[in-house]
Amino acid sequence: MSARNPRRQSAGDMFPGMPDILTKRPPKAADGEHEARTLDEAITRSLEILDEALASYPIVGTYWLSSGGNDSAIVGHLLRGRYDAVLHVNTGTGIPETTQYVHDVAAAWGDRLHELHPKNSYRDLVLGKVIASTGPNAGERAVWKGFPGPAGHKVMYRHLKDEPLMRFRKSVVGDQGRARKVIYLGGMRWAETDRRFRNAEAIDQDGAIVWVSPLVHWTDAHMREYRARHRCQQDHEHAQHRLCFDGALPLNEVTEHLHMSGECLCLAYAKPGEPDEIALFYPHAAAPMRQLEREAEAVGIKACRWGQKPPGEKDAAAPAGRLCSSCVTVPGQDDLIDQWRDSGLITDEQHAAFTRPA
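About the thresholds
- Residues numbered from 1 in each chain as written.
- Predicted model: local features only at pLDDT ≥ 70, side-chain atom pairs only at ≥ 80, totals over all residues.
- Heavy atoms only, no water.
- Helix = DSSP H or I, 4+ residues; strand = E, 2+ residues; numbered from the N terminus.
- Contact = heavy atoms within 4.5 Å.
- Areas by Shrake-Rupley, 256 points an atom, 1.4 Å probe, with all protein chains shown as cover.
- Phe/Tyr/Trp six-rings, centres within 6.5 Å; stacked < 30°, edge-to-face > 60°.
- Buried < 20%, exposed > 50% of the residue type's maximum accessible area, 1.4 Å probe, protein only.
- Arc of directions from axis to C-beta.
- Axes fitted to C-alpha atoms, helices over the stretch in contact; angles between N-to-C directions.
- Left-handed = near helix turned anticlockwise from the far one by under 90°.
- Nonpolar A, V, L, I, M, F, W, Y, C, P; charged D, E, K, R; others polar.
- Pairing = 2+ DSSP bridges.

**Q** Even after reading the chapter, I still don't get the overall build of the protein, so can you show me in this structure?
**A** Counting its regular elements, the protein contains 13 helices and 6 strands. Considering only contacts within the protein whose residues lie at least 6 apart along the sequence, 72% involve residues at least 24 apart. Carbon and sulfur atoms make up 49% of the accessible area of the protein, which amounts to about 16,800 Å² in all.

What follows is the structure in structure tokens.
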């Protein structure tokens, strides 16, 4: 889960002093599921959701999906001791510090970690080297060619995130999907985006996978209060990832700079200037993409610019994929570059350079 985009405004955000609740019932919410709760009541409901999933299906493994994002951290922190292992999908495009953070937290908590990798690389997808294996173009045409825009997001998600997770599921349950199922614990919430509001549900069984979203009913206020309660707030030199005491809620430092976990930089839904923002703080993560731009241009691929919509591509619908809540730009969002300037992360001169018209 990523935090680049701000969340849906809650009643508490719009009208200070009012309860922070969802004013409408999400389409897939059970009766009373979106009702106002204190944080402790929300936590109790989260534990009940996992209990319900475990009681309803023949579960043989429960896995926390750790993206390196802030919401993901709360899922793992809340349910420590209740999952069997941690899964982290290393898409091959992300910021290395995020993957290292996931490793560090798993080690600190004594968790077993499975780092998953896609069968087909982002580089091969961009260069058109991944040939369709099914459908009318099987064995003949590439599944994609060029850097993706919105229309290519579904392809990137399927190859970079979904495929490794499906392969791991198969390694656990084999061909016994009816009698053996796994739980994947994610951080989806109705208050995240309009798409999450419409589609997210607490327990969603799909074949041999039971997707469980224990925070689905949490509001932004719940998230803020939980962080304030469990993350180290002392005025001292913090331990790595703010793991300053046993039971501390960790913080991925990448999220402080980019407001997202950075575990996937396919940038299918990039906003203008986003590649430069990434390169400012993490030039080593941007460098391979710049090299790939040169390779794509050299072989005549028109969509040869990372983070730019391919020439002539029409706007596409919101992205498919359970794990990509923040890929779509939210209208009216504060400019991240302004936030950097205001918090002192960049100078006025750097801000001017970023915002200067091309």
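**Q** In this structure, what is going on with the packing of aromatic side chains? I would like to understand it.
**A** Considering all chains together, one arrives at 8 aromatic pairs under this definition. Consider the rings of tryptophan 218 and tyrosine 226, whose centres lie 5.6 Å apart with planes at 55 degrees: the pair is tilted. Looking at tryptophan 218, the relative accessible area reads 0%, which means it is buried. Tyrosine 226 gets classed as buried once you look at its relative accessible area, which sits at 2%. Taken together, Tyr63, Phe168, Tyr184 and Trp211 form an aromatic cluster joined through their ring pairs.

**Q** Just to check I follow, could you spell out helix H8 (residues 220-230) for this structure?
**A** Owing to its 3.6 residues per turn, the α-helix brings residues three or four apart onto one side. Buried residues of H8: Asp220, His222, Met223, Tyr226 and Arg227, and no others. The buried residues of H8 all sit within an arc of 160 degrees when viewed along its axis, so they share a single face.

**Q** What is the right way to read the packing of helix H3 (residues 70-78) against H8 from this model?
**A** The packing of two helices is summarised by the inter-axis angle and the distance between the axes. At a closest axis distance of 11 Å, the pairing of H3 and H8 adopts a crossing angle of 65 degrees. Seen along the crossing, H3 lies across H8 with a hand that is left-handed. On the side of H3, the interface is formed by Asn70, Asp71, Ile74, His77 and Leu78, while H8 contributes Met223, Tyr226, Arg227 and His230. Of the residues belonging to the contact of H3 with H8, the class tally is 4 nonpolar, 3 polar and 2 charged.

**Q** I keep staring at the environment of glycine 247 and nothing clicks. Help me out?
**A** With respect to the helices and strands, the residue glycine 247 is situated in the loop between H8 and helix H9 (253-258). Among the residues examined, glycine 247 registers a relative accessible area of 24% and is labelled partly exposed. Between the C-alpha atoms of glycine 247 and tryptophan 109, which are 138 residues apart in sequence, the distance is 8.9 Å. Leaving out residues up to four positions away in the same chain, glycine 247 has contacts with His77, Arg80 and His230.

**Q** Explain the side chain of histidine 77 to me, please; I cannot follow it from the model alone.
**A** Positionally, histidine 77 belongs in helix H3. Residues in contact with histidine 77, not counting those within four places in the same chain, are Trp109, Tyr226, His230, Gly247, Ala248 and Leu249.

**Q** What exactly am I supposed to notice about the sheet that holds strand S6 (residues 209-212) here?
**A** Strand pairing in a sheet is mediated by backbone hydrogen bonds. Such pairs are either parallel or antiparallel. The sheet built from 6 strands is open, its strands ordered S3-S2-S1-S4-S6-S5 with mixed pairing. Strands at the two margins of the open sheet, each flanked by one partner only, are strand S3 (113-116) and strand S5 (203-206). Ignoring strand direction, the axes of neighbouring strands in this sheet form an average angle of 25 degrees. Where S5 and S6 come together, 4 bridges link them in antiparallel fashion.

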